[in-house]
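Read off the chains here:
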Amino acid sequence: MASLPVPYASASETLKIGYVNTQRIFRDAPTAVKAAKKIETEFSKRDQDLQRLAKQVQALQESLEKNAVTMAETERRSKEKDLNELSREFQRKQREFREDLNLRQNEENAAIIEKANKAIKQLAESEKYDLIVQDVVWVSPKLDVTDKIIKALSEGK
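Bear in mind that the values here come from a model prediction, so they are computed numbers and not experimental data.

Cut-off values and rules
- Residues numbered from 1 in each chain as written.
- Predicted model: local features only at pLDDT ≥ 70, side-chain atom pairs only at ≥ 80, totals over all residues.
- Heavy atoms only, no water.
- Helix = DSSP H or I, 4+ residues; strand = E, 2+ residues; numbered from the N terminus.
- Expected span 1.5 Å × (residues − 1).
- Buried < 20%, exposed > 50% of the residue type's maximum accessible area, 1.4 Å probe, protein only.
- Salt bridge = Lys/Arg side-chain N within 4 Å of Asp/Glu carboxyl O.
- Contact = heavy atoms within 4.5 Å.

Where do I start with helix H2 (residues 30-67) in this structure?
Counting along an α-helix, one turn takes 3.6 residues, and residues three or four places apart therefore face a common direction. Between the first and last C-alpha of H2 there are 53 Å, a value that for 38 residues agrees with the 56 Å anticipated at 1.5 Å per step. Those residues of H2 that fall on the buried side of the exposure criterion are Ala32, Ala35, Ile39, Phe43, Leu50, Leu53, Val57, Leu60 and Leu64.

Written out as structure tokens, the structure reads:
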């Protein structure tokens, strides 16, 4: 019995706990929506270029499959070589695109989390919370303070 933890608060004190849903902040906070649009704008041209390149690869592959029987051996080899080179280029560009996109998303998410953490700290101090947690398995909706944090973020606090 001596090893049991001592309760944090006595019977006369109540523990004030809040919960913040990080996924909702990334989805609903105005700063997150703005960041997502910014990233989409930044990467839209590269995405379109990738889509064009994918169509070229597909068209070349379909042409090769359709006409391989009637082509001369040297022409078929040349087209296969072109297809392989174009396919490798597409895969390389696609990989670079994903890496760059993930990097930018991580940068923007870090900035959002930093702002959210400041808003959470301000809320905790102003409303006298003892504990505010994020990313839990389950929480009662009455403890959810995510709306207050999203509101604080939209007000630029």
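What am I meant to see in the pattern of salt bridges here?
A side chain of one charge can pair with a side chain of the opposite charge when the charged atoms of the two come close. The full count for this structure, using the stated rule, is 20 salt bridges. Note that Arg52 is salt-bridged to Asp49, the shortest N-O span being 2.3 Å. Taken together, the positions of Arg52 and Asp49, both in helix H2 and 3 residues apart, correspond to about one turn of that helix. The salt bridge involving Arg77 is made with Glu73; its shortest N-O contact spans 3.3 Å. Placement of both Arg77 and Glu73 in helix H3 (residues 73-126) is noted, with a separation of 4 residues, approximately one turn of the helix. Classification of Arg77 as exposed rests on a relative accessible area of 52%. A cluster of three or more residues bridged by salt bridges with shared partners is formed by Arg24, Arg27, Asp28, Asp144 and Asp147.

Would you mind going over the side chain of Thr22 with me for this structure?
On the secondary structure map, Thr22 appears in helix H1 (residues 22-28). Residue classification places Thr22 among the buried residues on the basis of a relative accessible area of 5%. If we skip the residues at most four places from it in the chain, Thr22 touches Ile113, Gln134 and Asp135.

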